[in-house]
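Structural description and commentary
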Amino acid sequence: MLNLKITPQRPALLKGFDNEFYALLQVNADDQASNNERSKSLNLAIIIDRSGSMSGQPLNEAKACAIMMVKRMHADDRIAVVTYDNEAKLVVPSTLCANKQEIISSIRMISEGGMTALHAGWLMGAEEVAKNKAENSLNRVLLLSDGNANRGLTDIDRIKSQCAQLADAGVTTSTYGLGHDFNETLMIEMAGSGLGQGYYGETAEDLADPFREEFELLLNTVATNLQLQTEAPSFVSLKLMNNFRQSGNGWYMPDIAAGGEGWALFKLVIKRNDIGEHPLEVLRCFLSFNDKGGHEQLTEPVKLILEPLSPNAFEAVLEDEKVKSRIAEMLVASYQREAREAAQAGDWERVDSIVAQAKVIAKDDLWMQNSLASLEKYSRRRQREQFSKEAMYSSDRMNKRLVAGDEAHVSYSIGAELRKASYLRRKSERGKQM
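Analysis parameters
- Residues numbered from 1 in each chain as written.
- Predicted model: local features only at pLDDT ≥ 70, side-chain atom pairs only at ≥ 80, totals over all residues.
- Heavy atoms only, no water.
- Helix = DSSP H or I, 4+ residues; strand = E, 2+ residues; numbered from the N terminus.
- Rg over C-alpha atoms; globule rule 2.2 N^0.38 Å.
- Buried < 20%, exposed > 50% of the residue type's maximum accessible area, 1.4 Å probe, protein only.
- Contact = heavy atoms within 4.5 Å.
- Areas by Shrake-Rupley, 256 points an atom, 1.4 Å probe, with all protein chains shown as cover.
- Lys, Arg positive; Asp, Glu negative; His and termini not counted.
- Charge placed at Lys NZ, Arg CZ, Asp CG, Glu CD.
- Pairing = 2+ DSSP bridges.
- Axes fitted to C-alpha atoms, helices over the stretch in contact; angles between N-to-C directions.
- Parallel < 35°, antiparallel > 145°, perpendicular 65-115°, else oblique.
- Nonpolar A, V, L, I, M, F, W, Y, C, P; charged D, E, K, R; others polar.
- Expected span 1.5 Å × (residues − 1).
- Arc of directions from axis to C-beta.
- Polar contact = N/O pair within 3.5 Å; in protein donor to acceptor, adjacent residues only side chain to side chain.
- pLDDT = per-residue confidence, 0-100.
- Phe/Tyr/Trp six-rings, centres within 6.5 Å; stacked < 30°, edge-to-face > 60°.

**Points about the overall build of the chain**
Of regular secondary structure, the chain possesses twelve helices and 19 strands. Its C-alpha radius of gyration of 23 Å places the chain within 12% of the 22 Å reference for a compact globule of 434 residues. Expressed along its principal axes, the backbone C-alpha trace of the chain runs to roughly 75 × 55 × 40 Å. Every one of the 434 residues in the chain was classed for burial, and the buried ones make up 54%. Within the chain, contacts between residues at least 6 apart in sequence are counted, and of these 77% link residues at least 24 apart. Carbon and sulfur atoms make up 46% of the accessible area of the chain, which totals about 18900 Å². Across the chain, the mean location of the 52 positive side-chain charges is 3 Å away from that of the 60 negative side-chain charges.

Here's what the structure looks like:
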């Protein structure tokens, strides 16, 4: 079951003035997975780039990640494996994981090839997942690439539109970018439109962590197809700060695992003439979603009602710390996007200025500080491609990252944080060697 809570920046309105403030919607999932029971089977397709640039360790690591997933899947789960270079090839048609050794042997035989027909590979894998989709299955395409799509369909808008159509039909897409040559805009757009996760690794050894994280999230997912709806009076100007894909009059939110939390940050503007003397309802939110059994559910609406206060009384009301933290993340994410644009234009002086402003906002948050430290490193070395990818992926994660719940019950989230720490350490060690 999902529980909703909405918290304003301050639990009051300022009388006699225009009001501009933020409100945080938190979506918490009960810890329903602690008994290790699974009501949903996995229906996956792993799409591996085998173009020439993947030869050697990158391809070996990609195959090792695919094998790791196969080994951990249940006999009633389904897996398909597709490779692509100049064209797509169906290595393992979607099959039950009853004979894992045969599937693993097929993966081990994958060898490097030529160019990068990314769209053809993704589409072939998506078709394998779609034809075996069931009411009680989690259906996802996992796409890995280290290069730009240069064969077949390469238009970003058309590809992301297809990802969105498949996601609306229940087949989601996650993307894994490797190295410095892949098109991060395409990969992020595919994951965003496809309602999956977007991951990035600098080296082949970085692949294992996001693959494990993805698998743990899939195993513990309790709510899918989350669609956020809002209602606000006509005098309220409302803006969602997260970069969630729109769904009609609402937005899609990321899937939620047991014990985890999703969130959305809203900016509200209310003119002073619309504020009277009595408590005022300014926002109402509710969610539709599919539960573990695949059944559609609808949450009870949660309301934000604020009391108008005089300036002196209003100043005495403290800001909520969690809302302040989420505001800071959104601001830093926005600065990162601006810095990326400046870096792509070669304006490194502006990049340094933007990062410095972001550091002031992030001074009390270790996670944001680590992210900005990586950007600073690339900025000092004027490494445009590395900076661009780090900025885009970090901004994307801040916009839609999930938050762990009770640490005693969400070992998958703790593991993800440990893996992230390990990844950051490896990046730091590589930086010292350069």
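**Looking at the sheet that holds strand β15 (residues 261-270)**
Strand order in the open sheet formed by four strands is β1-β3-β15-β11, and the pairing between neighbours is antiparallel. The two strands at the open ends of the sheet, each matched to only one other strand, are β1 (2-8) and β11 (236-240). Ignoring strand direction, the axes of neighbouring strands in this sheet form an average angle of 25 degrees. For strand β3 (residues 19-29) and β15, the ladder comprises ten bridges, and the chain directions are antiparallel.

**Focus on the packing of helix α8 (residues 321-344) against helix α10 (residues 366-380)**
With their axes 11 Å apart at the nearest point, α8 and α10 run at an angle of 10 degrees to one another. Classified by the interaxial angle, the pair formed by α8 and α10 is roughly parallel. Residues A328, E329, V332 and Q336 of α8 touch α10, and the partners they reach there are W367, M368, S371, L372 and L375. Its residues placed into classes, the contact of α8 with α10 shows six nonpolar, two polar and one charged.

**Section: helix α4 (residues 156-168)**
Spanning 13 residues, α4 covers 18 Å between terminal C-alpha atoms, matching the ideal 18 Å at 1.5 Å per step. Those residues of α4 that fall on the buried side of the exposure criterion are I159, C163, A164 and A167. All buried residues of α4 lie within an arc of 140 degrees about the axis, which places them on one face of the element. Residues of α4 that are exposed and point over 90 degrees away from its buried face: D157, R158 and Q165. N-cap assignment for α4: the residue whose side-chain oxygen lies 3.3 Å from the backbone N of D157 is D155.

**Digging into the confidence of the model for the chain**
Summary statistics for the chain give a mean pLDDT of 88 and a share of 90% for residues scoring 70 or more. Mean pLDDT values for the elements of the chain range from 44 in helix α12 (residues 411-433) up to 97 in strand β18 (residues 302-306). Here residues 404-427 scores under 50 on pLDDT; set against residues more than four positions off or in separate chains, the count is 40 contacts.

**Points about the sheet that holds strand β7 (residues 137-145)**
Pairing in this open sheet of six strands is mixed, and the strands run β6-β5-β4-β7-β8-β9 from one edge to the other. Bordering the open sheet on either side are β6 (88-96) and β9 (195-201), each of which pairs with just one other strand. Across the sheet, the mean angle from the axis of one strand to that of its neighbour is 10 degrees, orientation sign disregarded. Relative to β7, strand β4 (residues 41-49) is paired through eight bridges, and the arrangement is parallel. By the bridge assignment for β7, L44 is matched with R140. Packing against the sheet, helix α1 (residues 57-72) makes contact with β4, β5 (78-84), β7 and β8 (172-178), and its axis sits at approximately 170 degrees to β4. The strands touched by helix α3 (residues 118-130) within the sheet are β4, β5, β6, β7 and β8, with β7 carrying the most contacts at an inclination of about 165 degrees.

**A few points about the pairing of β15**
β15 sits mainly inside the fold: eight of its ten residues count as buried. Sheet topology places β11 next to β15; five bridges connect them, and they run antiparallel. Across the sheet, residue V236 finds its bridge partner in β15, namely I270.

**Re the packing of aromatic side chains**
In this structure the tally under the stated criterion is seven aromatic pairs. With a centroid separation of 5.9 Å and an interplanar angle of 55 degrees, the aromatic rings of F182 and Y200 are classed as tilted. Linking F182 in the loop between β8 and α5 (184-193) with Y200 in strand β9, this pair joins segments that are 18 residues apart in sequence. Taking the relative accessible area as the measure of exposure, Y200 reaches 10% and is therefore buried. When the centroid spacing of 5.8 Å and the interplanar angle of 90 degrees are considered together, the rings of W348 and F387 count as edge-to-face. Linking W348 in helix α9 (residues 348-361) with F387 in helix α11 (residues 384-400), this pair joins segments that are 39 residues apart in sequence. There is no split in this pair, since W348 and F387 are both buried. Cluster of aromatic residues (ring-pair linked, three or more members): Y176, Y199 and F211.

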